[in-house]
Every structure is written in C-alpha cells, then in structure tokens.
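Coordinates in review
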Amino acid sequence: MSIPTYLSSTFRYKETLAVVDVQTIINDLYVELVTNGGWTCTVGGSGQTPTTFKSPARADGLFLTIQCTRTSATRIAYVVRDHNGMLVNNQTDTRQDIDVAGSTVHYFTGPFHFCVNTERATPECFYCGLADQTPEPISIPRPTYFASYGPRDTSGTWVVNGYWSYLYIMSMGATSYVGNASRAILRACTDSFLRKTMSGALLCEPLELTDGAGIFMGRAYQAMIVDSSLAFAAEATIPLDDNNTGVFKVVGCIVTSNTKLAFRKA
Amino acid sequence: MAIPHFLSTGFRFFEHKGVTDVQTIIDDFGTEVLTADNAPKGWYAWTNPSTGVFVSPTYEGKHFQVTLTRATQQKLQMEVRDQGNIVICTRRINCPSANAWTARIFTGPGHVMIDVTMFSAPPEALYAGILDLSPDAQNAHDHYVYGGGARSNLDVADGNNNVHEVYMLDDTVAGHRTRVSQYGSNQNGGSNGSKTLSGARVYRPREMWCQQSGAGGTYGYLHFAGKAYQTLLCPQSLALGARIYVPIDQGVLGEFIVIGGVGSNWTWLLCVRSA
C-alpha cells in the first residue's frame, strides 16, 4: 500500500495558548497560511481585519478563499468562497467564539484544508476545504468544496444541529451550497457497535462527502472520522499505509452517530 | 498502491450450464476445490474427509468447513462450520424442476459462493468463508467464519439473506443479523455514495461485525471482525450475472460477477471475483 491522495497533501499544525482576542487568530493564520503555507493574502494582513486568504491553486487552477473578520474581541467570522466567488458557507458568515478569559486555539491547515478549533467548556470548531475526488480526475465534472455548518451562525447563535457531519456542499444539479444536513458518509453496522476492531484497536475512516442522494463527492484532506469515546483534543496515531502512521487530534464539533472528527497534526 | 489484502487471495471460477440435479453442483464443487493445487496462483487443495464434507486449507492460520448435501434432486444444503466445529448456519437453495439451471461456483482458500440462476424462478445462492482480519493481526480473534444462503434447512425463504445480513458467531451463539457495513449519513445505515459525480460506480468491501467472546447479549456491542475475501458490494443497478471490471490497484482490473442469489439492500448488491 501507499499513502492515499487525501493524506498525501502537505499539512501544518499550530497551537496558541490563552488567546484573548481573535485578532491573534487572524495573525496566527497569516503565519500558518501565508508565511509558511503557500497561501496568499488578498485583503488585509497580519494585524488587520478583515483579512482574506487565498489557497494555492490546485493543478487545475482551482482555489478557495477565506475571509476572516474580527467582529469582537471574542468572536471571529468566516466567509468561504469557491473559485467562482460563490459563498460556500451560505449564511452570510459563520462565527466562532473564544472565552473572555482566553482560550487555547488549534490550527490545522494545508493547501486544501483549513480548521480552527477553540478550546472552551464546549469546544468550537470551524473547518472547510476542497475535496480529493479520487478516482475522478480533478475538476471533472466539477470540484467539491465544503464548509462546516457551525459552530455559530451569523447572529452568533450556537448552531444546535451543527453536528460535525453537517456541511455546506453543492449537490449534483444544485445552484447553491446548502448546509443543514449530514453530508458525510458514515460507515455503520446498524446494530449497536463500536468503531473498534475485535482486538480493541481504534477503527478510523476518511471523511467521505456525499450530496445525500447517493453521490460520492470526494474525501476531505487530512481528516479522519474517529470513535466518539475519544476525548476532545485527544490524539490518535492512525496507520496511513502499511509503513506509516499519522497523528490526528480530535476537534470540537458536535458528536454525530457516536463519531467525532479529527485533523492531522503530525 | 497495491492490491488490498482481501483481494489478494487465490480464486477460481467455474460455470456449468444446463444443470438439472444438485448432485452435479456438489461434484463440480469437489472438482474445483480438491483438484486445484497451484501455490503460485493461490490455489491450495481442500480436503474431503467424508462424503460431501469439504475442509478449506489453513490460510493465515484460519480455516472453515462446508458440508454439501443433496436433499433432493432440486434441493442443495450447505452446512457451515467454523474452525472449532461450531455450526455457523445450515442453509438451502431450492431449484425448479421445470427447466435446467446455470450454476456459478466461486472458490478460494477463504471463500465459497454457489450462485444458481434458475430462469423460471429468482436466483438463489449459498456462501461461506473466512475473513481478512486486517487491520487486526490475522490471528487476533477466532470469530472469523461466516455463511449464508437463500433458505432455512426447512426450505423456507425466510428473508435472512441480503448483502448486509450474514450468519456468524456472536459471543458463543451463531446466528444471523444485519452485520455488514453500510454507508449512510448516520449510524442507522443507508446508501450514500454508490457512484461518483461522473457516474462511475463505487465499490465497497463486504465488512462484517460481531460480538466478542464474553460480550454477547442484547447490549453486547458489535466490533469490526474483518472483510470477506474476493467479494465486493456493488450498486444494485447492475444486472444479476453481469461481469464487471473493477480497478483493484493502479492499472489492475479484476473481473467480478454480480451475484443473483443474495438479495440487494440499501441499493447494494454483491459481486465475487471471477478473473
């Protein structure tokens, strides 16, 4: 075996302790994405709000942009657009909070994935990306962009059905991105089951995307679905192929069907 | 890339048209598993300790046993036993007397599928095998034998026969349940993702789950037991008996035949390797 495409992209991880102002998040993202990650900054910059980041172009020229805005010291807003400028998180913007007293923030980034995770009593996570559509050739018939439904809507209200599997995605034949339904393919055995092998090993699987109508739309880069028995921020070492492992960290989205989401850290 | 382990075992396929007596199927099966012995091709001869009893070769430390019985000219019975001689299931097919049938026999060190196209009646099948236990080690547990088929040993088409419903050992009790992985939008199963945006078919391994030893009962959680060898789930839009060509590695195609005698569920059917 060799490492599959969706785990072969470059990735970065950063953790910042005691963040008391979301401008720090924008500044950290500038370092992670622009200084070190091959992204460009098309609006604003470090120390500025709003700031817009543009992902490096894929082989077919496609990219996504993420606008980050400090709406208050403790609240950040994200706007994700595809290469055509269409709004992926189709609710004006998606918001995320930190604690007044300060929160630890985790950043998981790469050319095709973006995840910001804030440690709170109820942790909050925003993520988005461009999917690996193997075995399809890239961009045929069209690319798959996605963004998480939560953690907070434009008014700052916690999205109670913001399960990690609820994603904005454009279904086949649709004309806009829709996000209020599960768009992850979950491997399941309909009896009561654990995502563990008979010997107790953790059973992980890629985050595969669907339009909810039977269509496989690709895999999120550097993301894994893990059993919900793993604690938030726990780290799991997962085989990538016969010879390599990766370390994935559980992020703070709402549990779906006894599963949680984890992004690659190392 | 490399061919996945569960598709790397040896396999054979034999088709017999115009069959009118199930004894022919038993005889064909014996010829397939007892005479073929070619290690480079992954063919290892089975043993035949008594009439109708066929014991698979020990493969990666695992083996199973099937007993084929001619109940009548039209009724074929398969009893499946695990490595500890526990009966996993006893199932039958019932063929019509009005016409001849086509029998397709798929075998290998880890799998058996007898699929009979009956023309004047829906196809019926009998199957059994051992699981590829990866990602666990191949000696990680002893719940690795499975089986199934169209009818009970009383010839009743009881419905315990679709792509997701299989007989295995749960704790210490053999029985059938919906134990094959499904792919939906939540833990209640479903049928998402059986084709790509371009319309290409998506295939999945036939993965099975069961209760660990000592963890039985109503509230015993199922754990991932392994994958059936040389078997895939395929979209149910395919015709029964269709020969399909599946990429099993970069630049490598495997030929699979869609099984008619195992019912569809959640838009999936079963196909087994033929070439």
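These notes cover the structure that comes with them. (Residues numbered from 1 in each chain as written. Chains lettered and ligands numbered in written order. Predicted model: local features only at pLDDT ≥ 70, side-chain atom pairs only at ≥ 80, totals over all residues.)

What chain A contains, in helices and strands, is one helix and 18 strands. In terms of overall size, chain A behaves like a compact globule, its C-alpha atoms giving a radius of gyration of 17 Å where 266 residues would be expected to give roughly 18 Å. Projected onto its principal axes, the C-alpha coordinates of chain A cover approximately 50 × 40 × 35 Å. When the 266 residues of chain A are sorted by exposure, 48% land in the buried category. Within chain A, contacts between residues separated by at least 24 positions form 50% of all contacts whose residues are at least 6 apart in sequence. (Helix = DSSP H or I, 4+ residues; strand = E, 2+ residues; numbered from the N terminus. Rg over C-alpha atoms; globule rule 2.2 N^0.38 Å. Buried ≥ 20, exposed ≤ 12 C-beta atoms within 10 Å, placed from the backbone. Contact = placed C-beta atoms within 7 Å.)

A count of helices and strands for chain B gives one helix and 19 strands. In terms of overall dimensions, chain B has a C-alpha envelope of 45 × 45 × 40 Å along the principal axes. The burial tally for chain B puts 49% of its 275 residues in the buried class. Here the analysis covers contacts within chain B between residues at least 6 apart in sequence; of these, 55% occur between residues at least 24 apart.

This next bit is on the sheet that holds strand E9 (residues 124-130) of chain A. Residue and element names in this part refer to chain A. Here we have six strands laid out as an open sheet, ordered E1-E7-E8-E9-E10-E11, and antiparallel in their pairing. Each edge of the sheet is formed by a strand with only one pairing partner; in this case those strands are strand E1 (12-19) and strand E11 (167-168). Where strand E8 (residues 113-118) meets E9, six bridges bridge the pair, whose relative direction is antiparallel. Considered in E9, the bridge of Thr 118 is made with Glu 124. On top of the sheet, helix H1 (residues 23-35) reaches E1, strand E7 (103-109) and E8; it is set at about 160 degrees to E1, its chief contact. (Pairing = 2+ DSSP bridges. Axes fitted to C-alpha atoms, helices over the stretch in contact; angles between N-to-C directions.)

We now examine the interface of chain B and chain A. Opposite the 38 residues of chain B that make contact, chain A presents 38 residues. Counting residues per element, the ones that place at least two in the side of chain B that touches chain A are strand E12 (173-178), strand E13 (182-184), strand E14 (195-196) and strand E16 (222-235) of chain B. Here the side of chain B that touches chain A gets four residues from one element, more than from any other, and that element is E16(B). The class makeup of the residues in the side of chain B that touches chain A is 14 nonpolar, 20 polar and four charged. Note that strand E13 (residues 193-197) of chain A and E16(B) share two bridges and pair parallel. Bridge assignment links A:Phe193 to a residue of E16(B), and that residue is B:Leu222. (Nonpolar A, V, L, I, M, F, W, Y, C, P; charged D, E, K, R; others polar.)

Here we take up helix H1 (residues 22-35) of chain B. Residues and elements named next belong to chain B. Here H1 contains 14 residues, and its C-alpha end-to-end distance of 20 Å stays within 8% of the 20 Å for a straight helix at 1.5 Å per residue. Residues of H1 that are buried: Val 22, Ile 25, Phe 29, Glu 32 and Val 33. Taken around the axis of H1, the buried residues stretch over an arc of 80 degrees, which confines them to a single face. Set apart from the buried face of H1 by more than 90 degrees, the exposed residues are Thr 31 and Thr 35. Residues of H1 that are buried sit in contact with strand E1 (12-19), strand E3 (53-55), strand E4 (65-70), strand E5 (75-81), strand E7 (101-108) and strand E8 (111-117). (Expected span 1.5 Å × (residues − 1). Arc of directions from axis to C-beta.)

Okay, unusual backbone geometry next. For the bond from A:Thr49 to A:Pro50, the omega torsion is -5 degrees, close enough to zero to count as cis. Assignment of secondary structure puts A:Pro50 in the loop between strand E2 (40-43) and strand E3 (51-54). Phi at B:Glu60 is positive, roughly 50 degrees, even though this residue is not glycine. Inspection of the secondary structure assignment puts B:Glu60 in the loop between E3 and E4. The phi angle at B:Asp155 is positive, at roughly 70 degrees, despite the residue not being glycine.

This part is about the environment of A:Asn117. All names here are of chain A. Inspection of the secondary structure puts Asn 117 in strand E8. For the pair Asn 117 and Gln 96, spaced 21 residues apart in sequence, the C-alpha separation works out to 8.9 Å. Residues within four places of Asn 117 in sequence aside, it is in contact with Val 105, His 106, Pro 123, Cys 125, Val 251 and Gly 252.

All names here are of chain B. Taking strand neighbours across the sheet as the criterion, the five strands line up as E2-E3-E4-E5-E6 in an open arrangement whose pairing is antiparallel. Of all strands in the sheet, those bounded by a partner on one side alone are strand E2 (47-50) and strand E6 (87-94). With direction set aside, neighbouring strand axes in the sheet form an average angle of 25 degrees. Of the pairings in the sheet, the one linking E3 to E4 comprises three bridges and is antiparallel in character. Within the sheet, the bridge partner assigned to Val 55 lies in E4 and is Gln 65. Packing against the sheet, H1 makes contact with E2, E3, E4 and E5, and its axis sits at approximately 150 degrees to E4.

For the rest of this paragraph, the subject is the nonpolar core. A general trend in soluble globular proteins is that nonpolar side chains are found buried together. Ranked by internal contacts, the top residues of the largest apolar core, which has 143 residues, are A:Phe146, B:Ile114, B:Ala125, B:Tyr146, B:Met208 and B:Cys271. Ignoring sequence-local partners within four residues, the contact set of B:Tyr146 consists of B:Ile88, B:Ala128, B:Gly129, B:Leu131, B:Val166, B:Tyr167, B:Met168, B:Met208 and B:Ala228. (Core = buried A, V, L, I, M, F, W, Y, C linked by C-beta atoms within 7 Å.)

Glancing now at H1(A). Counted at 1.5 Å a residue, the expected span for H1(A) with its 13 residues is 18 Å, and the 17 Å between its end C-alpha atoms agrees. Turning to H1(A), its buried residues number three or more, namely A:Ile25, A:Ile26, A:Leu29, A:Tyr30, A:Glu32 and A:Leu33.

Moving on, we get to the pairing of E12(B). All names here are of chain B. In this structure, strand E11 (residues 165-170) lies alongside E12, joined through six bridges in antiparallel fashion. Along E12, the bridge assignment pairs Tyr 167 with His 176. Where E11 hands over to E12, the hairpin turn is made up of two residues, of which Asp 171 adopts a positive phi near 55 degrees.

Let us now look at the environment of B:Arg92. The residue B:Arg92 is located in strand E6 in this model. Filtering out sequence-adjacent residues up to four positions away, B:Arg92 remains in contact with B:Ala71, B:Lys75, B:Leu76, B:Gln77, B:Gly149, B:Arg151, B:Ser152, B:Asn153 and B:Asp155.

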